[in-house]
Amino acid sequence: MRIFLYLCATEMKIDLKNTIERSWDLLTKTSLTWDRIAVEKENSKTIRKEYVFVWFAISTLLVFLTSLIYVSDRKIEFAFLKAVITAVSLFGGYFIANHFCFIFLKKKNIEDLSKDNCEKIVAYSFTTIFVLKVLLSLMPSLFFLQVLVVHCAYLAWEGLRAILNLDENERGNIILVFSLIIILSPMLISWILNFMLPNA
């Protein structure tokens, strides 16, 4: 049992380290990192396990812990609600965005399109959303940083180039709708949940 727990902890530590390194590279060396991603043999399952779900866990846990710190009344209840809203909005937003982005690209008759390629672009384009969620949970006073969510569009722009081999004109016809789907999906779910749970 101890060996199993040790192996799980080790694997989680490696996944966390790789996830943070990959995120940092995407934000600071976007084009180069996308070129590296393009030659990697990752399928949707691998991307979710080693990147997306790791960010889900980090974001939800930090929102829960920081809510305990910043709220004085009904701490546990409030922190739990905030964590649930975060988890559902990110989880639901991600899969909704992935679904509709694939449908959108399919209608555009993209040659190299596959579900794995589409999810690869959506997953790594979500990096800005994940990082902002973590930063704003740690420092709520920096709420104005939310405008940086538009950086998702740049990540998607480079992803469409590297993964689907689209030129600038082709990307120009796609990027607005594609990036809006990614940005608005978690925001819309979060808004609906906050509306339904006014005490959150």
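What you see is a predicted model; the values in this text were computed from it and never measured.

Enquirer: What should I look at first to understand the overall build of the protein chain in this one?
Expert: Across its full length, the protein chain holds 9 helices and 0 strands. Sequence-ordered secondary structure for the protein chain, helices as α and strands as β, is α-α-α-α-α-α-α-α-α. Its C-alpha atoms give the protein chain a radius of gyration of 18 Å, within 12% of the compact-globule value 16 Å for 200 residues. Summarising its shape, the C-alpha atoms of the protein chain cover approximately 55 × 45 × 25 Å along the three principal directions. Across the 200 residues of the protein chain, 44% fall into the buried class. The contacts of the protein chain with a sequence gap of at least 6 include a subset with a gap of at least 24, amounting to 74%. Here the protein chain has roughly 11,600 Å² of accessible surface; of this, 67% comes from carbon and sulfur atoms. Between the averaged position of the 21 positive side-chain charges in the protein chain and that of its 18 negative side-chain charges there is a distance of 6 Å.

Enquirer: Help me understand unusual backbone geometry in this model?
Expert: Negative phi characterises most residues that are not glycine, and trans characterises most peptide bonds. Positive phi is not limited to glycine here, since N109 has a value of about 55 degrees. By the element assignment, N109 lies in the loop between helix 4 (75–107) and helix 5 (115–125). For N109, a relative accessible area of 64% gives the class exposed. One non-glycine residue, N165, lies in the positive phi region at around 55 degrees. Turning to its location among the elements, N165 is positioned in the loop between helix 7 (151–164) and helix 8 (168–172).

Enquirer: Please clarify how the pattern of salt bridges should be interpreted in this entry.
Expert: As a working rule, side chains carrying opposite charge can pair if their charged atoms are close by. For the structure on display, the rule yields 7 salt bridges. The salt bridge partner of K17 is E21, with a shortest N-O separation of 2.9 Å. With a gap of 4 residues between them, K17 and E21 both fall in helix 1 (residues 2–28), about one helical turn apart. Across the pair R22 and E40 runs a salt bridge, and its minimum N-O distance is 2.7 Å. Residue R22 is located in helix 1, and its partner E40 is located in the loop between helix 2 (30–39) and helix 3 (44–70); the two are separated by 18 residues in the primary sequence. R22 sits in the buried class, given a relative accessible area of 15%.

Enquirer: In this structure, what is going on with the environment of H151? I would like to understand it.
Expert: The residue H151 is located in helix 7 in this model. With a relative accessible area of 25%, H151 lands in the partly exposed category. Measuring from C-alpha to C-alpha, the distance between H151 and T127 comes to 9.3 Å, with 24 residues separating the pair along the chain. Leave out the neighbours within four places in its chain, and H151 touches L27 and T128.

Enquirer: Explanation requested: the confidence of the model for the protein chain in the structure shown.
Expert: Atom-level detail of predicted coordinates should not be read off regions where pLDDT is low. Averaged over every residue, the pLDDT of the protein chain is 87; residues scoring 70 or more account for 92%. The low-confidence segment residues 1–11, where pLDDT is below 50, has 1 contact with residues more than four positions distant or belonging to other chains.

Conventions we followed
- Residues numbered from 1 in each chain as written.
- Predicted model: local features only at pLDDT ≥ 70, side-chain atom pairs only at ≥ 80, totals over all residues.
- Heavy atoms only, no water.
- Helix = DSSP H or I, 4+ residues; strand = E, 2+ residues; numbered from the N terminus.
- Rg over C-alpha atoms; globule rule 2.2 N^0.38 Å.
- Buried < 20%, exposed > 50% of the residue type's maximum accessible area, 1.4 Å probe, protein only.
- Contact = heavy atoms within 4.5 Å.
- Areas by Shrake-Rupley, 256 points an atom, 1.4 Å probe, with all protein chains shown as cover.
- Lys, Arg positive; Asp, Glu negative; His and termini not counted.
- Charge placed at Lys NZ, Arg CZ, Asp CG, Glu CD.
- Salt bridge = Lys/Arg side-chain N within 4 Å of Asp/Glu carboxyl O.
- pLDDT = per-residue confidence, 0-100.

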